[in-house]
Amino acid sequence: TVLDAPPALSLLGPVNLANITSSPVTVNWTVNSTLDANLTCSVYINGTLNATTTGNGTLLASVTAFPGVYSWYVICQDDAANTNTSGTRRPSLS
């Protein structure tokens, strides 16, 4: 079977404008592929790679964030190099 579709990707939390009170912050998302059980997902904080994890389903990562509003998003890739980039969330750390 040829992998020709990007993995489905959806951010779960933290949500936009959430007020987080401590760092590190746990971010989580779902990523699914019916053809690849071991997807590689990279978490970016303010545009910089912060963590990488692998799996299929609901995943999480503990990331470092600094006080103030920050942005985070995830890029996931399957073994055939199909990628999907999530939208961006902007919570704040107080």
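A short tour of the structure in this document, coming up. A quick note: this is a predicted structure, and the numbers were derived from the prediction, not measured.

With antiparallel pairing, 3 strands are arranged side by side in an open sheet as β1-β3-β6. Two strands bound the open sheet, and with one partner strand each, they are β1 (8–13) and β6 (57–63). Going across the sheet, the axis of each strand differs from the next one's by a mean of 25 degrees, ignoring polarity. In the sheet, strand β3 (residues 25–32) pairs with β6 via 7 bridges, with the strands oriented antiparallel. The residue bridging V27 from the neighbouring strand is A61, located in β6.

Along the chain, R89 falls in the loop between β9 (83–85) and β10 (92–93). No salt bridge is formed by the buried R89. Its closest oppositely charged neighbour is D78, at 22 Å. Sequence-distant contacts of R89, that is, excluding residues within four places in its chain, are made with L11, L12, G13, P14, V15, N16, Y70, S71 and W72.

Moving on: the nonpolar core. The tendency in soluble globular proteins is for nonpolar side chains to be buried side by side. W29, V43, W72 and V74 are the most contacted members of the largest nonpolar core, which has 22 residues in total. Secondary structure elements with two or more residues in this core: β1, β3, β4 (39–45), β6 and β8 (72–77).

As a further point, take the state of the cysteines. Here the structure, examined in full by the defined rule, presents 1 disulfide. A sulfur-sulfur separation of 2.1 Å characterises the disulfide bridge that pairs C41 with C76. The chirality of the disulfide connecting C41 with C76 is right-handed, given an S-S dihedral of about 110 degrees. In this pair, C41 sits in strand β4 while C76 sits in strand β8, placing the two residues 35 residues apart along the sequence. Just as C41 is buried, C76 falls in that class too.

Procedures and definitions
Sequence order as written defines the numbering, with residues in each chain counted from 1. At least 70 in pLDDT is required for a residue's local features to be given in this predicted model, at least 80 for side-chain atom pairs to be given and counted, and no such filter applies to totals for whole chains, interfaces and linings, which use all residues. As a rule here, side-chain values come from all non-hydrogen atoms in the structure, and water together with hydrogens is ignored. A strand pair is defined by DSSP finding two or more bridges across the two strands. Under the DSSP-based scheme used, a helix requires at least four consecutive residues in state H or I and a strand at least two consecutive residues in state E, with every element numbered from the N terminus. Throughout, an axis means a line fitted to C-alpha atoms (over the contacting stretch in the case of helices), and angles, computed between N-to-C directions, take values from 0 to 180 degrees. Relative accessibility thresholds used throughout: buried, under 20% of the residue-type maximum; exposed, over 50%; partly exposed, between the two (1.4 Å probe, protein chains only). Just so you know, the count uses Lys and Arg for positive and Asp and Glu for negative, and it drops His and the chain ends. Salt bridges are counted wherever a side-chain nitrogen of Lys or Arg sits within 4 Å of a carboxyl oxygen of Asp or Glu. Should any heavy atoms of two residues lie within 4.5 Å, those residues are considered in contact. We define the nonpolar core as a collection of buried residues of types Ala, Val, Leu, Ile, Met, Phe, Trp, Tyr and Cys that are connected through side-chain atoms lying within 4.5 Å of one another. Disulfides are defined as cysteine sulfur pairs within 2.5 Å.

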